[in-house]
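Close look at the chain arrangement
This is what each chain is made of:
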Amino acid sequence: ENDLNARHPMDLRYMKFIRLLLRLIDSWPHQLLRDSKPVPFRDSRYLFVEGAGVGVGGLFYVRTHYKEVPFLEIGQTYLTIFLSVVATQRVTIAWFNSFREVIMEFVLKVHLFHFKHKTKYTQNVYQRICRLCSVFTAFIVVEISVGVFLFNLMPLLNNYKKGMFNQEPPVGKVFEHSINYSLPFVDCYTNLIAYIVMAVINMVFSFDCGMFFSSFDVCIAVIVFHIWGHLKILDHSLRTFPTPVQMRGHQSGEPGDDFMYTKEDNVKVAAMLKDIIEYHGMLMRFMTKTSKAFGPTLCLYYVFHQVSGCILLLECSSLDPESLGRYAGLTVSLFQLLIQVSVIVELLGTQSETLKDAVYSMPWECMDTSNRRTVLFLLHSVQEPIRLKPMGIVSVGVQTMATILKTSF
């Protein structure tokens, strides 16, 4: 009911939640939108130091333990190092105006809320996209929450099985952590108090890492869903472009001169074509800005999945219960994230491919020469699919995802 009575895109529940996620990592453009202040003690500079510290601590741990710790155990440290690299890079996104401008333009101009009153069809598309965004946002939050919980639960259960919480811990055994470091003056691998402190700190760090992954993934997905809705509206406008009979207020099939538009009709057709071209141009420009803002993030994201996929599959290749119990769930989760982002972004390319046929299905043969030239220009413009192409290197989509999975296997 609150969503139906919304008077601004930020009145919608899923938009409020996206704002909360981005505020927790100091990435919401509150100054440009003038709607909220940063969350205390969540400054991006602190989060940058936190992410970099986790990565450097992991590197020191690998340097001092790679000869004595088996690969089955140290593989998780490799993974946390790469996770910290991705998280640290995502902290820096909000430092650039390109990201904040994309969020501002999406909220104030591109959001389907601003287009829902135009026609009945746009109203239906708006409602469908809102439901889709609400469900997807809730799904991502649950997914990340469960992932962070299990990521910290497994080391705790392993320590319990080894008897590390007994009054007399087993000789030669050490505490297992979700994130490993080499810290000076602190022995968190044999001392119970130090272990508890580091376990709590690791929970905070893993929560922050989950926030970095979930917030930007949700942000990209919601933007893609709305652009997908715009493309469906554009496709519908092209396929239902009025014929000469419909332009004169008749129904299709009624007797009338339906061969050519009149001079007055062509003036109206020219105005409608102008609106369609401006609509398509607006989507193209916004997607170019979005690709620029999220380009480095998506490139690093795919590199991370390529590297982490190889490490996790190598860890699981022994097929023993210990390795599968430790890494199988994490492997499935990370592959699922890769597939999820790629399939969602692929919606844009699939839907924009239909615009070619939609433009050609217009009654261009009934127009005068000037309007036919305009249709020809529009037909040329829609030949290039609307895609996320980070840094102009590779398109985000199913084909790239399949290449990464194949290479990892």
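Residues numbered from 1 in each chain as written. Predicted model: local features only at pLDDT ≥ 70, side-chain atom pairs only at ≥ 80, totals over all residues. Heavy atoms only, no water.

Where an unreviewed UniProt entry is consulted, the protein appears under the name Odorant receptor, with the organism given as Ostrinia palustralis. One UniProt comment on the protein, placed under Subcellular location (unreviewed entry), says "Cell membrane". (UniProt positions renumbered as here; feature names shortened; annotations may be inferred.)

1. A look at the side chain of His30
Looking at the element boundaries, His30 is found in helix α2 (residues 30-33). With a relative accessible area of 17%, His30 lands in the buried category. In this structure, His30 is in contact with Asp35, Ser36, Lys37 and Pro38, ignoring residues within four places of it in sequence. (Helix = DSSP H or I, 4+ residues; strand = E, 2+ residues; numbered from the N terminus. Buried < 20%, exposed > 50% of the residue type's maximum accessible area, 1.4 Å probe, protein only. Contact = heavy atoms within 4.5 Å.)

2. Digging into the pattern of salt bridges
A complete count under the given rule lists six salt bridges for this structure. The residue Lys356 makes a salt bridge to Glu353 at a minimum N-O spacing of 3.0 Å. With a gap of three residues between them, Lys356 and Glu353 both fall in helix α10 (residues 321-360), about one helical turn apart. With a relative accessible area of 23%, Lys356 lands in the partly exposed category. Judged by relative accessible area, which is 32%, Glu353 ranks as partly exposed. (Salt bridge = Lys/Arg side-chain N within 4 Å of Asp/Glu carboxyl O.)

3. A few points about helix α3 (residues 44-65)
The end-to-end C-alpha separation of α3 is 31 Å, in line with the 32 Å expected for 22 residues at 1.5 Å each. Among all positions of α3, only Ser44, Leu47, Glu50, Gly51, Val54, Gly55, Gly57, Gly58, Tyr61, Val62 and His65 are buried. Within α3, the buried residues cover an arc of 160 degrees as seen down the axis, which keeps them to one side. Opposite the buried face of α3, at more than 90 degrees from it, the exposed residues are Arg45, Val49, Leu59 and Arg63. Against α1 (13-24), α4 (71-93) and α7 (192-239) lie the buried residues of α3. The N-terminus of α3 is capped by Asp43, whose side-chain oxygen sits 2.8 Å from the backbone nitrogen of Arg45. (Expected span 1.5 Å × (residues − 1). Arc of directions from axis to C-beta. Polar contact = N/O pair within 3.5 Å; in protein donor to acceptor, adjacent residues only side chain to side chain.)

4. Some details on the confidence of the model for the protein
If pLDDT is low for a region, its predicted coordinates should not be looked at in detail. Looking at the protein, pLDDT values average 86 and 96% of them are 70 or higher. When the elements of the protein are averaged for pLDDT, α2 gives the smallest value, 79, and helix α11 (residues 369-381) the largest, 93. (pLDDT = per-residue confidence, 0-100.)

5. Some details on empty space enclosed by the protein
Taken as a whole and assessed by the stated rule, the structure comprises two cavities of 30 Å³ or more. By volume, the largest cavity amounts to about 60 Å³. Surrounding the largest cavity, Met15, Ile18, Leu22, Trp28, Ile103, Phe106, Val107, Cys219, Val222 and Ile223 form its lining. For the lining of the largest cavity, the secondary structure elements donating two or more residues are α1, α5 (97-110) and α7. Of the residues belonging to the lining of the largest cavity, the class tally is ten nonpolar, no polar and no charged. One number sums up the size of the second largest cavity: a volume of about 50 Å³. Around the second largest cavity, the lining residues are Phe136, Ile140, Asp217, Ile220, Ala221, Gln340, Val341, Ile344 and Val345. (1 Å grid on protein atoms, 1.4 Å probe; cavity = no way out; pocket = protein on both sides within 12 Å on 5 of 7 lines; lining within 4 Å. Points joined across faces, edges and corners; volume = space filled by probe spheres on them. Nonpolar A, V, L, I, M, F, W, Y, C, P; charged D, E, K, R; others polar.)

6. Overview of the layout of surface pockets
Rolling a probe over the atoms, with the probe sized like a water molecule, indicates the empty space that remains. Its volume calculated, the largest pocket comes out at about 750 Å³. Contributing to the lining of the largest pocket are 36 residues, with Leu83, Gly147, Val148, Phe151 and Leu330 lying nearest its centre. Broken down by secondary-structure element, the contributors of at least two residues to the lining of the largest pocket are α3, α4, α6 (120-161), α7 and α10. Taken together, the residues of the lining of the largest pocket sort by class into 20 nonpolar, eleven polar and five charged. The wall of the second largest pocket is formed by 22 residues, among which Glu73, Lys162, Val174, Glu176 and Arg326 lie closest to the centre. Every element with two or more residues in the lining of the second largest pocket is listed here: α3, α4, α6 and α10. The residue inventory of the lining of the second largest pocket, partitioned by class, reads seven nonpolar, seven polar and eight charged.

7. Some remarks on the state of the cysteines
According to the stated counting rule, one finds zero disulfides in the structure shown. Just so you know, Cys130 is unpaired, no disulfide at all, and the nearest cysteine sulfur is the one on Cys133, 6.6 Å from it. Cys299 takes part in no disulfide bond, and the closest cysteine sulfur to it belongs to Cys219, at a distance of 17 Å. Residue Cys299 is classed as buried on the basis of its relative accessible area of 18%. (Disulfide = S-S within 2.5 Å.)

8. Quick look at unusual backbone geometry
Note: most residues except glycine have negative phi, and most peptide bonds are trans. Even without a glycine there, the phi angle at Asp26 is positive, about 55 degrees. Within the secondary structure layout, Asp26 lies in the loop between α1 and α2.

9. A look at the environment of Pro40
Within the secondary structure layout, Pro40 lies in the loop between α2 and α3. The sequence separation of Pro40 and Gln167 amounts to 127 residues, and the corresponding C-alpha distance is 40 Å.

10. Examining the UniProt feature "transmembrane region" (unreviewed entry) in the protein
Within the UniProt annotation, "transmembrane region" (unreviewed entry) is assigned to residues 135-157, 188-205 and 211-229. Counting secondary structure, residues 135-157 comes out at 100% helix and 0% strand; the distance between its end C-alpha atoms is 32 Å.

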